[in-house]
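# Fold and geometry: a report
Now for the letters of each chain:
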Amino acid sequence: DQSTPLVTDAISSMDLSGPAPFAMTDMGCADGGTSLEMVRAAINTVRAMNADTPVNVIYADQPGNDYNALLNIVYGKTQFDSWMGDHNDVFAFASATGFYDQIVPAASLDLGFSATAMHWLSAKPTDISDHVQAVGASGSEREAFASQAAADWERILLHRARELKPGGALVLMNFGVDEAGRYLGHTGGVSMFDNFNRIWQQFVDDGVITHAEYRAMTLPQYYNTVEEFRAPFDDPSSRVSQAGLELSSIHTGVVRCPFAEDFESHGDSARFAREYIPTIRSWNESIFAGGLSPDRSDAERRDLIESYYGTYETMVRENPDGHAMDYVHSYIVARKRA
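So, here is what we can say about the structure in this document. (Residues numbered from 1 in each chain as written. Predicted model: local features only at pLDDT ≥ 70, side-chain atom pairs only at ≥ 80, totals over all residues. Heavy atoms only, no water.)

Successive side chains on a regular strand alternate, one facing one side of the sheet and the next facing the other. Strand 2 (residues 55–60) sits mainly inside the fold: six of its six residues count as buried. Of the two faces of strand 2, the one holding Val55, Val57 and Tyr59 and the one holding Asn56, Ile58 and Ala60 are both buried throughout. The pairing of strand 1 (residues 22–27) with strand 2 spans six bridges and is classified as parallel. Pairing of Met24 across the sheet is with Val57, part of strand 2. Where the polypeptide runs from strand 1 across helix 2 (residues 36–49) and back to strand 2, its parallel neighbour, the crossover connection is right-handed. As paired elements, strand 2 and strand 3 (residues 90–95) share six bridges and run parallel to each other. (Buried < 20%, exposed > 50% of the residue type's maximum accessible area, 1.4 Å probe, protein only. Helix = DSSP H or I, 4+ residues; strand = E, 2+ residues; numbered from the N terminus. Pairing = 2+ DSSP bridges. Right-handed = clockwise from strand over helix to strand, strands pointing away.)

The next point concerns the layout of surface pockets. Any empty space left between the atoms is revealed when a probe the size of a water molecule rolls over them. The computed volume of the largest pocket comes to approximately 1600 Å³. Lining the largest pocket are 50 residues, and of these Gly28, Ala30, Ala115, Thr116 and Ala117 sit closest to its centre. Counting only elements with at least two residues in the lining of the largest pocket, the list comes to strand 4 (109–115), strand 5 (164–177), helix 9 (258–266), helix 10 (269–291) and strand 8 (327–336). Take the lining of the largest pocket: its biggest share by element is eight residues, from helix 10. Here the lining of the largest pocket is built from residues that sort into 25 nonpolar, 17 polar and eight charged. (1 Å grid on protein atoms, 1.4 Å probe; cavity = no way out; pocket = protein on both sides within 12 Å on 5 of 7 lines; lining within 4 Å. Points joined across faces, edges and corners; volume = space filled by probe spheres on them. Nonpolar A, V, L, I, M, F, W, Y, C, P; charged D, E, K, R; others polar.)

A separate point is unusual backbone geometry. Phi is positive for Ala30, close to 55°, though the residue is something other than glycine. For Thr116, which is not glycine, the phi dihedral falls at a positive 55°. Tracing the backbone shows Thr116 in the loop between strand 4 and helix 4 (139–163). Accessibility expressed as a relative area gives 23% for Thr116, which makes it partly exposed.

For the structure shown, the criterion picks out 20 aromatic pairs. Taking the centre distance of 5.1 Å and the plane angle of 75° together, the rings of Trp153 and Phe229 count as edge-to-face. On the criterion of sequence distance, the pair formed by Trp153 in helix 4 and Phe229 in helix 7 (residues 226–234) is long-range, its members being 76 residues apart. Here Trp153 matches Phe229 in class, with each residue buried. (Phe/Tyr/Trp six-rings, centres within 6.5 Å; stacked < 30°, edge-to-face > 60°.)

A word on the side chain of Glu213. Considering the arrangement of structural elements, one finds Glu213 in helix 6 (residues 211–216). Classification of Glu213 by relative accessible area gives buried; the value is 4%. If near-sequence neighbours (up to four positions away) are discounted, Glu213 is found in contact with Gly291, Leu292, Ser293 and Arg296. (Contact = heavy atoms within 4.5 Å.)

This part is about empty space enclosed by the protein. Going through the model one piece at a time under the given rule, you end up with two cavities of 30 Å³ or more. Approximately 50 Å³ is the volume attributed to the largest cavity. Residue lining of the largest cavity: Tyr100, Met118, Leu121, Ala149, Asp152, Trp153, Ile156, Tyr222 and Asn224, and that is the complete set. Examining the composition of the lining of the largest cavity, we find that four residues originate from one element, helix 4, more than from any other. Residue classes in the lining of the largest cavity are distributed as seven nonpolar, one polar and one charged. Of the voids in this model, the second largest cavity is the one considered here, and its volume is about 40 Å³. Lining the second largest cavity, in full, are Met118, His119, Trp153, Asn174, Phe175, Tyr222, Asn224 and Phe229.

As a further point, take the pairing of strand 5. Counting buried positions along strand 5 yields twelve of 14 residues, so the element is predominantly enclosed. Sheet topology note: the strand 4/strand 5 ladder contains six bridges and is parallel. Note that in strand 5 the partner of Ala115 across the bridge is Met173. This β-α-β element, strand 4 to helix 4 to strand 5, shows right-handed connectivity.

Turning next to the pattern of salt bridges. Inspection of every chain in the model, using the stated rule, returns 18 salt bridges. Between Arg182 and Asp178 there is a salt bridge whose closest N-O contact spans 2.7 Å. By relative accessible area, which is 33% here, Arg182 ends up partly exposed. A salt bridge links Arg281 to Glu306; the shortest N-O distance between them is 2.8 Å. Here Arg281, found in helix 10, pairs with Glu306, found in helix 11 (residues 298–318); they are 25 residues apart in sequence, far enough to count as distant. Through salt bridges that share partners, Glu37, Arg40, Asp81 and Asp86 make up one connected network. (Salt bridge = Lys/Arg side-chain N within 4 Å of Asp/Glu carboxyl O.)

Okay, here's the thing in structure tokens:
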């Protein structure tokens, strides 16, 4: 929702007077549910500028994405209010090409959009010896993650530079570290990633998992600072600048955790814990489960994962104050030189 004005403003400044279709991507789309209203606003803006312009909406994610869920949501087969059917000559496409590769033909894209996805690295550069995420890494381990993230960010931008038409735009909402040092789950109060690490370390100390398994549970993520996001644009000799991409704006913002906000109203710590933990599981369970030794039985692996999240839920239920997964984003708008 906070990125929607950036999208509509970017479109409003384009020249859409010609007959060519307007094309936009939603990269890292997952099931497409959260971006429905943004896509609707984008289509409405295009049609307000040129009522005859066909519109192509390309949803892109990894091959393992649940495309059945995506297509059912986009085609209005669920409780979600889809944009499909609002206008004629508007078409939806699904691509199993991730944003680390080129998704559409060169110079065919008007708008590239992505929300809360590009912090996932193309590869894990190393295991972290004493934490589970790069925010807690230090020394050469942190440098390895920063280097991987810089290379990945350049790779993402270069592919988008090839895809964009001259005058086309990118609107990217990326997890990052803001000017106050805040990041996902670390905005004051309890630090979420430190909690992850504390529980896994206790499992090692108790002999529940091995230290090798602990290290293998490193999340392949990195949160860029504003300076790191800006770097390829600020250097006129960089490959990104040479490819024609220019930074229009960047700012940071915090979106409050909805479960923590609800808890302020209802005050039921057990309910808060029940609602809060599943959203954490949704994006990191597969990584933690994948770190467990393949020598363990499936049942043993399931029990360990359930024990981990059960421990976390108990922690939140018994002492809920300060627990929250506030989102910290950098909102980035870039353009391809005309």
